[in-house]
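Reading the structure
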Amino acid sequence: MSTLIKKSLKKENPIWLMRQAGRYLPEYQKVRKKQKDFIKFCLNIKAATKVTLQPIKRYDFDAAIIFSDILIIPYGIGQEVKFEESIGPILGKPNLKLYQQTKKGKFIKKIENVYKIIKNTRKKLSKDKSLIGFVGSPWTILVYVLNQKSPKEISVCKKIIKNKKSKQLLKIIEKFIYIHIEQQIKAGVDTIQLFDSWAGLLNKKDLNYFCFQPTKRIIIKVRKKYPHIPIICFPKGIKTSIKKFCKIVKPNVLSIDSKMNPNFVLKEIDPNIIIQGGMSPGFLFKRKSEMQNKIKFYLNKFKNRAYIFNLGHGVPKETKTNTIQNLVNTVRNFK
Ligand code: CP3
């Protein structure tokens, strides 16, 4: 079983952070400077293995998350994916035919280095550390495929739902997400996180079709074949709909964003579901004592439940490395 889950069940408050391998680390910047093309960087076995392990070396986190990106799936299918400095991801025109015609074997071959990176990382990572694989959720991937960049306003959501191709694309994306999860498990990850970064764009009526049901189908399929692999869900921004999400989707771990009220979570979420995260990354920029108080607030709130310390979203690039060291020390010294 995943050591991350074991430690959380033993109430040891394990810790890892979303975007722990990233631009706030000077050792990451050093590798990044030589890797001009971000997708090529994600597929470079030596470089990606190295940056996956950097935060473990520096902070002794309980889990490594494989250095990759959720947009490796559209890339694997053959849609163009580029990353522009200070803009973010930019995708080529979506082509339904391409999505319909791309074969499993071709997709796997195109991104096979991700699986080699997992194998390589597992060899180098000590046994008591978890290795987390990840995917974007069907809805979040669909948003990028059709919008071709990060959505800047809520109106994007309406356009996507109205698009004649969206339901067909959603189904195909769901299929490739499953394939990518399965290949990551075969390569050696012991935990899977599903990032649904844009779930919060959906209204209550559309959440079921575009978020709950496809996520549920994927989880059922993974669990049937790989019952020992825990699944972490991060449906960002869905507020109190989280209750319905958990009832329908049944994740092993629920990762909460900073807008989620911990009391609501304690009261309404099945106690068998492990809770992860919550603290706003904004506290990384407050006074030391203020940040420490917030860390202890979350640890105290969830002290009677299995809890994994994490943030409510990724580590911002402006974060000081010392601040993260402080955060780790505070979690480790908590009694
Ligand atoms: O350390 C880790 O968490 C593992 C690696 C990881 C990356 N992206 C690397 C990355 C993970 C888990 C992701 C997930 C991801 N990618 C999400 C879901 C989580 C979230 O943030 O909501 C999303 C929406 C993406 C798509 C994406 N990738 C965007 C919007 C951007 C640009 C925004 C930004 O922060 O610059 C990326 C680029 C990206 N992915 C970087 C990293 C380290 C920064 C690239 C760089 O070095 O220039």
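Up top is the structure.
Everything in this summary refers to the structure shown in the same document. Keep in mind the model is a prediction, meaning the values are calculated, not measured. (Residues numbered from 1 in each chain as written. Predicted model: local features only at pLDDT ≥ 70, side-chain atom pairs only at ≥ 80, totals over all residues. Heavy atoms only, no water.)

1. Some details on the pairing of strand 8 (residues 274-277)
Applied cut-off: Strands pair, by our definition, only if DSSP identifies at least two bridges between them. Only DSSP runs of H or I with at least four residues qualify as helices, and only runs of E with at least two residues qualify as strands; both kinds are numbered from the N terminus onward. Whether a crossover is right-handed depends on one test, that the path from the first strand over the helix to the second runs clockwise when the strands point away from the viewer.
In terms of strand pairing, strand 7 (residues 253-256) meets strand 8 through 4 bridges, oriented parallel. Across the sheet, residue Leu254 finds its bridge partner in strand 8, namely Ile275. Remark: the strand 7/helix 14 (residues 262-268)/strand 8 crossover connection has right-handed handedness.

2. Observations concerning the packing of aromatic side chains
Put simply, the rule reads: Pairs were defined over the aromatic rings of Phe, Tyr and Trp, the Trp ring being its six-membered one, requiring ring centres within 6.5 Å. Orientation was assigned from the angle between planes: stacked under 30 degrees, edge-to-face over 60, tilted for the rest. In this scheme, a residue with accessible area under 20% of its type's maximum is buried, one over 50% is exposed, and one in between is partly exposed, where area comes from a 1.4 Å probe on protein chains only.
With the rule as written, the count across this model stands at 16 aromatic pairs. Between Tyr28 and Phe41, the aromatic rings sit 5.8 Å apart at their centres with planes inclined by 40°, giving tilted as the arrangement. Of this pair, Tyr28 sits in helix 2 (residues 26-34) while Phe41 sits in helix 3 (residues 38-42), and the two are 13 residues apart along the sequence. The pair Tyr28 / Phe41 is uniform in exposure class, with both members buried. Measuring from centroid to centroid gives 5.8 Å for Phe212 and Phe245, while their planes differ by 75°, and the two rings are edge-to-face. You can see Phe212 sitting in helix 12 (residues 204-225) and its partner Phe245 sitting in helix 13 (residues 242-249), a full 33 residues away along the chain. Counting every residue linked through ring pairs, the aromatic cluster contains Tyr28, Phe38, Phe41, Phe67 and Phe83.

3. Structural notes on the packing of helix 2 against helix 4 (residues 45-59)
Heads up, the condition is: In this analysis, axes come from line fits to C-alpha atoms, helices being fitted only over the stretch in contact, and the angle between any two N-to-C directions falls in the range 0 to 180 degrees. Every angle not falling under 35 degrees, over 145, or within 65 to 115 is termed oblique; those three ranges are roughly parallel, roughly antiparallel and roughly perpendicular. Contacts: residue pairs with any heavy atoms within 4.5 Å of one another.
Taken N-terminus to C-terminus, the directions of helix 2 and helix 4 make an angle of 170°; their axes are 10 Å apart at the nearest point. By the angle class used here, helix 2 and helix 4 are roughly antiparallel. Mapping the contact onto sequence places Pro26, Glu27, Tyr28 and Val31 in helix 2 and Ala47, Lys50, Val51, Gln54 and Arg58 in helix 4.

4. As for the side chain of Gln183
Turning to its location among the elements, Gln183 is positioned in helix 11 (residues 166-187). Once residues lying within four places of it in the same chain are set aside, the contact partners of Gln183 are Ile108 and Tyr115.

5. Remarks on the site of the ligand
Cut-off, in case you're wondering: Only heavy atoms are used to decide nearness, and a residue is near a molecule or strand if one of them lies within 4 Å of it. Definition of a polar contact: a pair of N or O atoms within 3.5 Å, with one able to donate and the other able to accept a hydrogen when the atoms are protein atoms, and with sequence-neighbouring residues admitted only if both atoms are side-chain atoms. Per-residue accessibility takes into account occlusion by the displayed protein chains alone, with areas from the Shrake-Rupley method and a 1.4 Å probe. Each residue is assigned to one class: nonpolar for Ala, Val, Leu, Ile, Met, Phe, Trp, Tyr, Cys and Pro, charged for Asp, Glu, Lys and Arg, and polar for all the others, Gly among them.
Close contacts around the ligand come from 23 residues, with Arg19, Arg23, Tyr28, Asp69 and Ser197 the closest. Here an oxygen atom of the ligand and a backbone polar atom of Ala21 are 3.1 Å apart. In the model, an oxygen atom of the ligand is placed 2.5 Å from a nitrogen or oxygen of the Tyr28 side chain. Across the complex, the protein chains shield 87% of the 870 Å² of accessible surface that the ligand would expose by itself. Classifying every residue of the shell around the ligand by side-chain character gives 13 nonpolar, 6 polar and 4 charged.

6. Structural notes on the sheet that holds strand 6 (residues 231-235)
In space, the 7 strands of this open sheet follow the order 1-4-5-6-7-8-9, with parallel pairing throughout. Strands at the two margins of the open sheet, each flanked by one partner only, are strand 1 (63-65) and strand 9 (307-308). The sheet contact formed by strand 8 and strand 9 spans 2 bridges and is parallel. When the sheet's bridge partners are listed, Gln276 is paired in strand 9 with Ile308.

7. Some words on unusual backbone geometry
Even without glycine at this site, Asp60 takes up a positive phi of about 55°. For Asp60, the location among the structural elements is in the loop between helix 4 and strand 1.

8. Section: the environment of Leu202
Tracing the chain through its elements places Leu202 in the loop between strand 5 (191-196) and helix 12. The exposure class assigned to Leu202 is buried, which follows from its relative accessible area of 7%. Considering only alpha carbons, one finds Leu202 and Asn44, 158 residues apart in sequence, at a separation of 35 Å. Those residues in contact with Leu202, other than ones at most four positions away along the chain, are Trp139, Cys157, Ile161, Leu207, Phe210 and Cys211.

9. So, the nonpolar core
Let me state the cut-off plainly: As used in this record, nonpolar core signifies buried Ala, Val, Leu, Ile, Met, Phe, Trp, Tyr and Cys residues forming a set joined through side-chain atoms within 4.5 Å.
Counting 123 residues, the largest nonpolar core has Met279 and Leu327 as the members making the most contacts within it. Considering each element in turn, this core owes the most residues, 11 residues, to helix 11. Sequence-distant contacts of Leu327, defined by excluding residues within four places in its chain, comprise Ile15, Leu17, Met279, Leu284, Met291, Ile295, Phe309 and Leu311.

10. Side note on the side chain of Asp206
Along the chain, the position of Asp206 falls in helix 12. Using a relative accessible area of 14% as the deciding quantity, one classes Asp206 as buried. Apart from residues lying up to four places away in sequence, Asp206 is in contact with Ile161 and Cys211.

11. Notes on helix 15 (residues 288-301)
Because an α-helix completes one turn every 3.6 residues, residues spaced three or four positions apart along the sequence face the same direction. Basically, it comes down to this: By definition here, a helix of n residues has an expected span of 1.5 Å times n minus one.
Helix length check: helix 15, at 14 residues, gives a terminal C-alpha distance of 20 Å against a target of 20 Å (1.5 Å per residue), a fit within 8%. Looking at the buried positions of helix 15, the neighbouring elements they touch are helix 14, strand 8, strand 9 and helix 16 (321-333).

12. Here's the deal with the packing of helix 8 (residues 112-124) against helix 11
The following threshold applies: In this scheme the crossing of two helices becomes right-handed for a clockwise turn of the near helix relative to the far one and left-handed for an anticlockwise turn of less than a right angle.
Following both chains from N to C, one finds helix 8 and helix 11 inclined at 30°, their axes separated by 8 Å at the closest point. Put simply, helix 8 runs roughly parallel to helix 11. Regarding helix 8 and helix 11, the two cross each other, and that crossing is right-handed. The segment helix 8 lies against helix 11, with Val114, Tyr115, Ile118 and Lys119 engaging His180, Gln183, Gln184 and Ala187. In terms of residue class, the contact of helix 8 with helix 11 is built from 4 nonpolar, 3 polar and 1 charged.

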